[in-house]
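Coordinate analysis (summary)
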Amino acid sequence: MSTTKKILIIDDEPDARAYLKAILEEEGYETMTASDGEEGLKKMREGHPHLILLDLMMPKSGIMFLNEIKNDEQLREVPIVVASGVRQVTGVDMKHYLEEQPFKKRKKEVLGVDFDITPDAFLEKPVNPSELLATVRKLI
């Protein structure tokens, strides 16, 4: 039985997927890739990764993927690391926004459903390889 840890990389940018894949495989991790949240969810259910690296700004929203996983009894224990350049594009401090989730209580009151998009870690793009590997080691 293999003890190699499997990581699912979900990013709509082929260069970003290739970059993250190269860093992780160089360290001995097995990787799977997906180009959007829908494909990522399918690969997650089939491949059972130990960790997910997730971009937020992509078609079939990374935020909706994060919410779906965090509210799924069978999948919620898989650590999710958000790797996003949203701050560079929008100026929004997404790390703070995801941690604080100012809308979460209101969403529960209005819709009566949980909306949990708290990742286990957040990395700014461009991702620093040392920071990525330290984060992965800490979570799996």
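Up top is the structure these notes are about.
Please read all numbers here as calculations on a predicted model, not as lab measurements.

With 13 residues, helix 1 (residues 14–26) should cover 18 Å at 1.5 Å per step; its first-to-last C-alpha distance of 18 Å lies within 8% of that length. Residues of helix 1 that are buried: Ala16, Arg17, Leu20, Ile23 and Leu24. Within helix 1, the buried residues cover an arc of 135° as seen down the axis, which keeps them to one side. Facing away from the buried side of helix 1 by over 90 degrees, the exposed positions are Asp15 and Glu26. In this fold, the buried residues of helix 1 make contact with strand 1 (6–10), strand 2 (30–34), strand 3 (51–54) and helix 7 (129–139). The first or second residue beyond helix 1 is glycine 28, which carries a positive phi of 95°.

In this section: the environment of aspartate 120. Of note, aspartate 120 is situated in the loop between helix 6 (104–111) and strand 5 (121–124). In this structure, the C-alpha to C-alpha distance between aspartate 120 and leucine 139, residues 19 residues apart in sequence, is 8.0 Å. If sequence neighbours within four positions are ignored, aspartate 120 has contacts with Lys70, Val78, Pro79, Ile80 and Leu139. A polar side-chain atom of aspartate 120 sits 2.7 Å from the main-chain amide nitrogen of isoleucine 80.

Here the focus is the sheet that holds strand 4 (residues 80–84). Taken together, five strands build an open sheet; the order of strands is 2-1-3-4-5 and the sheet is parallel. Both edges of this open sheet fall to strand 2 and strand 5, since each of them pairs with a single strand only. Strand-to-strand twist of the sheet, defined as the mean angle between neighbouring strand axes without regard to direction, takes the value 20°. Where strand 1 meets strand 3, four bridges bridge the pair, whose relative direction is parallel. Within the sheet, the bridge partner assigned to leucine 8 lies in strand 3 and is isoleucine 52. The sheet strands contacting helix 7 are strand 1, strand 3, strand 4 and strand 5, and the helix crosses strand 5 at an angle near 170°.

Here we take up unusual backbone geometry. Omega for the peptide link from lysine 125 to proline 126 comes to 0°, which places this bond in the cis form. Looking at where proline 126 falls in the secondary structure, it is placed in the loop between strand 5 and helix 7. Backbone geometry places histidine 48, a non-glycine residue, at a positive phi of 50°. Among the secondary structure elements, histidine 48 is positioned in the loop between helix 2 (37–47) and strand 3.

Definitions and limits used
- In every chain, residue numbers begin from 1 and rise along the written sequence.
- Local features in this predicted model are restricted to residues of pLDDT 70 or higher, and side-chain atom pairs are both shown and tallied only at a pLDDT of 80 or more, whereas totals for entire chains, interfaces and linings draw on every residue.
- Neither water nor hydrogens contribute to the side-chain values; these are computed over all heavy atoms in the structure.
- We count a stretch as a helix when DSSP gives it H or I for four or more residues in a row; a strand needs E for two or more, and each element gets its number in order from the N terminus.
- Expected helix span is computed as 1.5 Å times (number of residues minus one).
- The cut-offs for exposure are 20% and 50% of the maximum accessible area for each residue type, with area from a 1.4 Å probe on protein chains only; residues under the lower value are buried, those over the upper are exposed, and the others partly exposed.
- The arc in question is the one spanned by the directions pointing from the helix axis to the C-beta atoms.
- Should any heavy atoms of two residues lie within 4.5 Å, those residues are counted as being in contact.
- Any pair of N or O atoms that falls within 3.5 Å is considered a polar contact. Within protein, one atom must be able to donate a hydrogen and the other to accept it, and sequence-neighbouring residues count only if both atoms are side-chain atoms.
- Only strands joined by at least two bridges in the DSSP assignment are considered to pair.
- The axes are straight lines fitted to the C-alpha atoms, using for helices just the contacting stretch, and the angles between their N-to-C directions are given from 0 to 180°.

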